[in-house]
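# Structural description and commentary
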Amino acid sequence: MDDKCLCEPSEILVFPCSGGSNVGQIANQAGVKLTQDGMGRFFCLAGIGGHVSGMIESTKAGKVIVAIDGCPVACAKKTLEHAGFNIDEYVQVTELGIEKDHNLDLNPSNVGKAADYLISRISKRRGI
Ligand code: SF4
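Residues numbered from 1 in each chain as written. Predicted model: local features only at pLDDT ≥ 70, side-chain atom pairs only at ≥ 80, totals over all residues. Heavy atoms only, no water.

## Some words on the overall build of the protein chain
Secondary structure summary: the protein chain contains 5 helices and 4 strands in total. Counting from the amino terminus, helix and strand elements in the protein chain follow one another as β-α-β-α-α-β-α-β-α. Here the C-alpha atoms of the protein chain give a radius of gyration of 14 Å, agreeing with the 14 Å that 2.2 N^0.38 yields for 128 residues. The principal-axis extent of the C-alpha atoms belonging to the protein chain is close to 40 × 35 × 25 Å. Residue burial in the protein chain is summarised as follows: out of 128 residues, 42% are buried. By sequence separation, contacts in the protein chain at least 24 residues apart represent 69% of the contacts at least 6 residues apart. Summing over all exposed atoms, the protein chain offers an accessible surface of approximately 6600 Å²; the carbon and sulfur share of this is 51%. (Helix = DSSP H or I, 4+ residues; strand = E, 2+ residues; numbered from the N terminus. Rg over C-alpha atoms; globule rule 2.2 N^0.38 Å. Buried < 20%, exposed > 50% of the residue type's maximum accessible area, 1.4 Å probe, protein only. Contact = heavy atoms within 4.5 Å. Areas by Shrake-Rupley, 256 points an atom, 1.4 Å probe, with all protein chains shown as cover.)

## Topic: the packing of aromatic side chains
Under the defined criterion, the tally for this structure stands at 1 aromatic pair. Their ring planes at 75 degrees and their centres at 5.6 Å tell us that F15 and F43 sit as a pair that is edge-to-face. Of the two residues, F15 is situated in strand β1 (residues 12–16) and F43 in the loop between β2 (41–42) and α2 (45–49); the sequence distance between them amounts to 28 residues. As far as burial versus exposure is concerned, F15 and F43 are alike and both buried. (Phe/Tyr/Trp six-rings, centres within 6.5 Å; stacked < 30°, edge-to-face > 60°.)

## Regarding the pattern of salt bridges
Applying the stated criterion across every chain, the model contains 6 salt bridges. One network of salt bridges, in which partners are shared, links E89, R121 and R125. (Salt bridge = Lys/Arg side-chain N within 4 Å of Asp/Glu carboxyl O.)

## A word on the site of the ligand
The local shell around the ligand consists of C17, G19, S21, G24, D69, G70, C71, V73, A74, C75 and K100. Of the residues that constitute the shell around the ligand, the class distribution is 5 nonpolar, 4 polar and 2 charged. (Near = heavy atom within 4 Å. Nonpolar A, V, L, I, M, F, W, Y, C, P; charged D, E, K, R; others polar.)

What follows is the structure, given as structure tokens:
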């Protein structure tokens, strides 16, 4: 049974891969949008990869972990799992029909597509 109370967006930690490609940066911007829309709190994946103790403890205190990867290399997912965290909500941007390239002039509708997918998932968890 899931008895987690998700009243506060700060309890939902969002970890985009923020990679050096269109899809990595779409993941990054989707994380920004989730935070700005009150659906979570953008958090520092690099701090997890760097074993920064404060980041690890703050992540342990979170109730829901959301990972956003740009592509199937799945760097955010692997980084979190390597640190011992279970991921509650997850998407790869390429799974949404967005092809990976290295053009960083992002299409806002693709950012919206990734953000909307996760907003829908998180809303169901929060019962809103
Ligand atoms: S998941 Fe893909 S886009 Fe993201 S950092 Fe890794 S290789 Fe780059």
